[in-house]
Amino acid sequence: MSVRREDLPADFVIGTATAAYQVEGATREDGRGESIWDAFARVPGAIADGSTGDVADDHYHRLHEDIELMASLGVDAYRFSISWPRIQPDGTGPLNPAGLAFYRELALALVAKGITPYATLYHWDLPQTLQDRGGWLNRDTADRFAAYARMTVAGLGDVVQHWITLNEPWCSSFLSYAGGEHAPGLQVGTDAARAAHHLLLAHGKAVPLMRAAAPDAVVGITLNLYSVVPASEDPADVDAARRIDGLSNRFFLDPVLRGEYPADVLDDLGQRDWFAEHAGAEDLAAVSAPIDFLGVNYYSRHTTRAGVATSGRSPHPGSESVEMVDTGAPRTHMGWEVHPDGLVDVLRMVEARSPGLPTYITENGAAYEDAVGPDGVVHDEDRRAYLEQHLVACADAVREGLPLRGYFIWTLLDNFEWAWGYSRRFGIVHVDYATQRRTPKDSGRWLAGFLGGTLGADRG
Ligand code: FCB
């Protein structure tokens, strides 16, 4: 199955995505403060290969080279994230002019190349000073975020029009505060749901302030949604699917799009009383502030079965007994099953709640074990096929009438893949970390061919 540009609407946006801590490096330059990922990466055993984001792709110093690369790929847009501690080192107080200047330079250079900037305000690098005060378990962090968002949009809103408040609040709450796999590496069990509420409140409080700061701002939030299906019709397996769909999808979609938390999930979590007291109507009105689009990160599907409760750490607190079934579908180097049709499933979830709300796939991509071959090229046919299959799914979604407006590939460059360090490569451009040499992989060249970029033309 193949796809051509003409299979998607002419104004369909195709871009690449990255996140600050994964690519920038320069963690101690120009007044940047410490983030929770700087601290977490130093914890022995936290990162698979013992690495940190201190240098990463050195994108902070190579932004023009990297933008040149994107221009040669022919992308329409670039989704990057702003490092909160680079802009506001302590998470409070005035902005750091040098930090702001870096993102202004980046955005202006993109615009000069005809590439539309999409900026994410929070892709997980909370200022450590705020973590010292409880991080996302502290409600005050929501107000700190809203103030940071307002000032950042005021400072860059003349160049950047498209804004994403949060990236994947499921990861910054359940994975980070229950699973302990991401910074700050806590395991507070079902109380992680409170961190989720404070994140969503941060989003909701920020939205009107961002609009006031830049009336033309186009504002959304990015959720990581999963296609979830039961392994069988056995009621126990069906209930397992309800639980995982609840924790991963509905717990975020429902408050943002409908102004309510799903009662069954609050019960699974044993958090009904806390939410009744601390997440009332006023909060939910804020959380469900009208947005211009919903960003969806889609990677995989979960097939669920009722199993035996495990006592180890779990990013699914209260539902530890659910097991994920191996369906035999191909897997990426992350172990994630490849299910392109799940991309349409998750867009339907959004449409069911907010008919007509524009969506973007703000991340989709795959890690595979690739290396530069003797011919100087990276033959990553598996990644190329993954991307193509998911673009086919995008075309299917559009044909079905779903308001999908764009697709961002995760990711431009191989980079610091969080708890996996540099041991997982998602890039369509290979990075040799010793030399910082960038080598477009076959997937990148294929994309350039698809988009009509110059990089596609220089190869037969
Ligand atoms: C997502 C993250 C992104 C990247 C991909 C593989 O959950 O948003 O930064 O790590 O997964």
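Structural data are supplied above this passage.
Bear in mind the structure is a predicted one, so any value in this text is a computation, not a measurement.

Some words on the side chain of Arg424
Residue placement: Arg424 occurs in the loop between strand E11 (404–410) and strand E12 (429–432). Although buried, Arg424 forms no salt bridge, and the nearest oppositely charged side chain, Glu369, lies 6.7 Å from it. Within the structure, the side chain of Arg424 is placed 3.1 Å from the backbone oxygen of His333, a separation counted as a polar contact. Among the polar contacts listed, one links the side chain of Arg424 to the side chain of Ser423, at a separation of 3.3 Å. Residues in contact with Arg424, not counting those within four places in the same chain, are His333, Met334, Ala367, Asn415 and Glu417.

With respect to the site of the ligand
Neighbouring residues of the ligand: Gln22, His123, Trp124, Asn167, Glu168, Asn297, Tyr299, Glu363, Trp410, Glu417, Trp418 and Phe426. Note that an oxygen atom of the ligand is positioned 2.6 Å from one of the side-chain N or O atoms of Glu168. In the model, an oxygen atom of the ligand is placed 3.0 Å from a nitrogen or oxygen of the Glu363 side chain. When isolated, the ligand has an accessible area of 300 Å², and the protein chains bury 95% of it. Here the residues of the shell around the ligand sort into five nonpolar, four polar and three charged.

Some thoughts on the sheet that holds strand E9 (residues 322–324)
In spatial order, the strands read E6-E8-E9; together these three strands make up an open sheet with mixed pairing. Both edges of this open sheet fall to strand E6 (227–230) and E9, since each of them pairs with a single strand only. With strand direction ignored, the average angle separating the axes of adjacent strands in the sheet is 40°. As paired elements, E6 and strand E8 (residues 301–306) share four bridges and run parallel to each other.

Some points on the packing of aromatic side chains
Across all of its chains, the model carries 36 aromatic pairs by this definition. Relative to Trp37, the ring of Tyr21 lies with its centre 6.3 Å away and its plane at 35°, an arrangement referred to as tilted. Taken together, the residues Tyr21 in helix H1 (residues 20–23) and Trp37 in helix H2 (residues 36–41) connect sequence positions 16 residues apart. You can call Tyr21 buried: its relative accessible area is 3%. Take Trp37: its relative accessible area is 1%, and that puts it in the buried class. Ring centres of Phe102 and Tyr103 lie 4.9 Å apart, and the angle between their planes is 75°; this geometry places the pair in the edge-to-face category. On the accessibility criterion, Phe102 (6% relative accessible area) is buried. An aromatic cluster is built from Tyr21, Trp37, Phe40, Trp124, Phe416, Trp418, Tyr422 and Tyr433, whose rings are joined through pairwise contacts. In this arrangement the basic side chain of Arg86 is found over the ring face of Phe102, its NZ or CZ atom lying 6.0 Å from the centre. We note Arg424 situated over the ring of Trp420; from NZ or CZ to the ring centre the distance is 4.0 Å.

Conventions adopted
- Residues numbered from 1 in each chain as written.
- Predicted model: local features only at pLDDT ≥ 70, side-chain atom pairs only at ≥ 80, totals over all residues.
- Heavy atoms only, no water.
- Helix = DSSP H or I, 4+ residues; strand = E, 2+ residues; numbered from the N terminus.
- Buried < 20%, exposed > 50% of the residue type's maximum accessible area, 1.4 Å probe, protein only.
- Lys, Arg positive; Asp, Glu negative; His and termini not counted.
- Salt bridge = Lys/Arg side-chain N within 4 Å of Asp/Glu carboxyl O.
- Polar contact = N/O pair within 3.5 Å; in protein donor to acceptor, adjacent residues only side chain to side chain.
- Contact = heavy atoms within 4.5 Å.
- Near = heavy atom within 4 Å.
- Areas by Shrake-Rupley, 256 points an atom, 1.4 Å probe, with all protein chains shown as cover.
- Nonpolar A, V, L, I, M, F, W, Y, C, P; charged D, E, K, R; others polar.
- Pairing = 2+ DSSP bridges.
- Axes fitted to C-alpha atoms, helices over the stretch in contact; angles between N-to-C directions.
- Phe/Tyr/Trp six-rings, centres within 6.5 Å; stacked < 30°, edge-to-face > 60°.
- Lys NZ or Arg CZ within 6 Å of the ring centre and 35° of its normal.

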